[in-house]
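Structural description and commentary
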Amino acid sequence: MLVNMRNLLSDAQKGNYAVGSFSVANMEMVLGVLKAAQELKAPVILQIAEVRLKQSPLEVIGPLMVAAAKAAKTPVAVHFDHGKTIEKISQALELGFTSVMFDGSHLPLEENIAVTNEVINIASKYGAAVEAEIGCVGGSEDGSEDIAINCTDPDDAVRFARETGVDALAIAIGNAHGNYKSTPNLRFDILEKCAKAVEPPLVLHGGTGISPDDFVRCSKTGIKKINIATATFDSVEKTVHGCYNENSIKGYYDLQAAEVEGAYQNAKRHILIFGSDNKTEVL
Ligand code: 13P
């Protein structure tokens, strides 16, 4: 069932768990994530970032994501991740995405607030939720840029939330996109301050490589949406590799099944850590 992300995150706030937001690049990943969600009776978010549209055009993958969410037997929000342009954000909304992110983390605070408000105004016509980012999560979604981590100033986060009324706020606490070069040392002191002072649910980007203990601590300290991208892509690739090594891929459809399996296993593992299993009846 296609749902608004706002509802998923408000249920997660009440139930004190986090919802997995899984980046997808093709139908096999969509099917794998939804198989895990349905099996575990978990709400999930399917997302794709603007920088990934080179490989998976929005007008092709967007309708697929929305259709799969509508057909799913568990609540699914469809989210546009790291929106950079009003043009693409508007296209996602037209296609029926129930949530969009405007990433103005590189902008001065005032400008980030102003453009986020513009996006909120557009999204409100569709009833869609809006996520924004304050501070700077390291790296970039597709690994093309080595953006330095700039931890969120909790006072800025309070001002940002107050002046925008955004539905979800991504913060930077030492997290980064892609595989970490060394174990991340998350700034729980900053997270705790933000969680106490900021009303909207908080979002953790750069989920790949964060330890299960840290995920659990985050999910109990205000983080209600956790983004996972690289781990899914790696799991799909590794599963396919493993199947070739075992000689179990005899043709295209075995390859397709291995891709679905890779996405399924990764989503299942994360849903169980985030504590979002058994939170919904399978329809
Ligand atoms: P990872 O690739 O590190 O899992 O980050 C995902 C993400 O934050 C997408 O916005």
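Now for a look at the structure at hand. Remember, it's a predicted structure, so these values are computed and weren't measured experimentally.

Counting buried positions along strand E8 (residues 223-228) yields six of six residues, so the element is predominantly enclosed. Pairing of strand E7 (residues 202-204) with E8 involves three bridges; the strand directions are parallel. Bridge pairing in E8 places Val203 opposite Lys225.

Applying the stated criterion to the full structure yields three aromatic pairs. Judged by centre distance (5.0 Å) and plane angle (80°), the ring pair of Phe215 and Phe274 falls under edge-to-face. Placement of the pair is Phe215 in helix H8 (residues 212-219) and Phe274 in helix H10 (residues 252-274), with a sequence separation of 59 residues. Neither Phe215 nor Phe274 differs from the other in exposure class; each is buried. Where Tyr252 meets Tyr253, the ring centres are 5.1 Å apart and the plane angle is 80°; that geometry is what we call edge-to-face. The exposure class assigned to Tyr253 is exposed, which follows from its relative accessible area of 64%. Sitting over the ring of Phe188, Arg217 keeps its end group 3.9 Å from the ring centre. For the cation-ring pair, Lys279 lies above Tyr17, with the distance from its terminal atom to the ring centre recorded as 5.1 Å.

What follows covers the site of the ligand. For the ligand, the set of nearby residues contains 15 residues, the closest of which are Asp81, Gly206, Thr208, Ala229 and Thr230. Between an oxygen atom of the ligand and a main-chain N or O atom of Ala229, the distance comes to 2.8 Å. Thr230 is positioned such that a nitrogen or oxygen atom in its side chain is 2.5 Å from an oxygen atom of the ligand. Out of a free accessible area of 310 Å², the ligand has 100% covered by protein chains. Here the shell around the ligand is built from residues that sort into three nonpolar, 10 polar and two charged.

With that settled, consider the sheet that holds strand E6 (residues 168-171). In space, the eight strands of this closed barrel follow the order E1-E2-E3-E4-E5-E6-E7-E8, with parallel pairing throughout. For this sheet, the mean angle separating the axes of adjacent strands, direction not counted, is 25°. Inspection of the sheet shows E6 paired to E7 by two bridges, in the parallel sense. The partner of Ala170 across the bridge, within E7, is Val203. Relative to strand E2 (residues 44-49), helix H2 (residues 27-39) is tilted by about 160°, and along the sheet it contacts strand E1 (19-23), E2 and strand E3 (76-83). Here helix H7 (residues 188-197) sits on the sheet in contact with E6, E7 and E8, set at roughly 150° to E7.

The next point concerns the pairing of strand E4 (residues 99-102). Along E4, one buried face is formed by Ser99 and Met101 and the opposite face, lined by Val100 and Phe102, is buried too. In the classification by handedness, the crossover that spans E3, the intervening helix H4 (residues 86-94) and the parallel E4 is right-handed.

Bringing the environment of Asn185 into the picture now. Among the secondary structure elements, Asn185 is positioned in the loop between E6 and H7. The exposure class of Asn185 is exposed, given its relative accessible area of 66%. The spatial distance from the C-alpha of Asn185 to the C-alpha of Asp214 is 9.4 Å, given a sequence separation of 29 residues.

The next thing to look at is the packing of H2 against helix H3 (residues 58-71). H3 packs onto H2 with a crossing angle of 25° between their chain directions and a minimal axis gap of 10 Å. Taken together, the axes of H2 and H3 are roughly parallel relative to one another. Crossing geometry of H2 relative to H3 is assigned as right-handed. Along the contact surface, H2 presents Met27, Val30 and Leu34, while H3 presents Leu64, Met65, Ala68 and Ala69.

What counts, and at which threshold
Residues numbered from 1 in each chain as written. Predicted model: local features only at pLDDT ≥ 70, side-chain atom pairs only at ≥ 80, totals over all residues. Heavy atoms only, no water. Buried < 20%, exposed > 50% of the residue type's maximum accessible area, 1.4 Å probe, protein only. Helix = DSSP H or I, 4+ residues; strand = E, 2+ residues; numbered from the N terminus. Pairing = 2+ DSSP bridges. Phe/Tyr/Trp six-rings, centres within 6.5 Å; stacked < 30°, edge-to-face > 60°. Lys NZ or Arg CZ within 6 Å of the ring centre and 35° of its normal. Near = heavy atom within 4 Å. Polar contact = N/O pair within 3.5 Å; in protein donor to acceptor, adjacent residues only side chain to side chain. Areas by Shrake-Rupley, 256 points an atom, 1.4 Å probe, with all protein chains shown as cover. Nonpolar A, V, L, I, M, F, W, Y, C, P; charged D, E, K, R; others polar. Axes fitted to C-alpha atoms, helices over the stretch in contact; angles between N-to-C directions. Contact = heavy atoms within 4.5 Å. Right-handed = clockwise from strand over helix to strand, strands pointing away. Parallel < 35°, antiparallel > 145°, perpendicular 65-115°, else oblique. Left-handed = near helix turned anticlockwise from the far one by under 90°.

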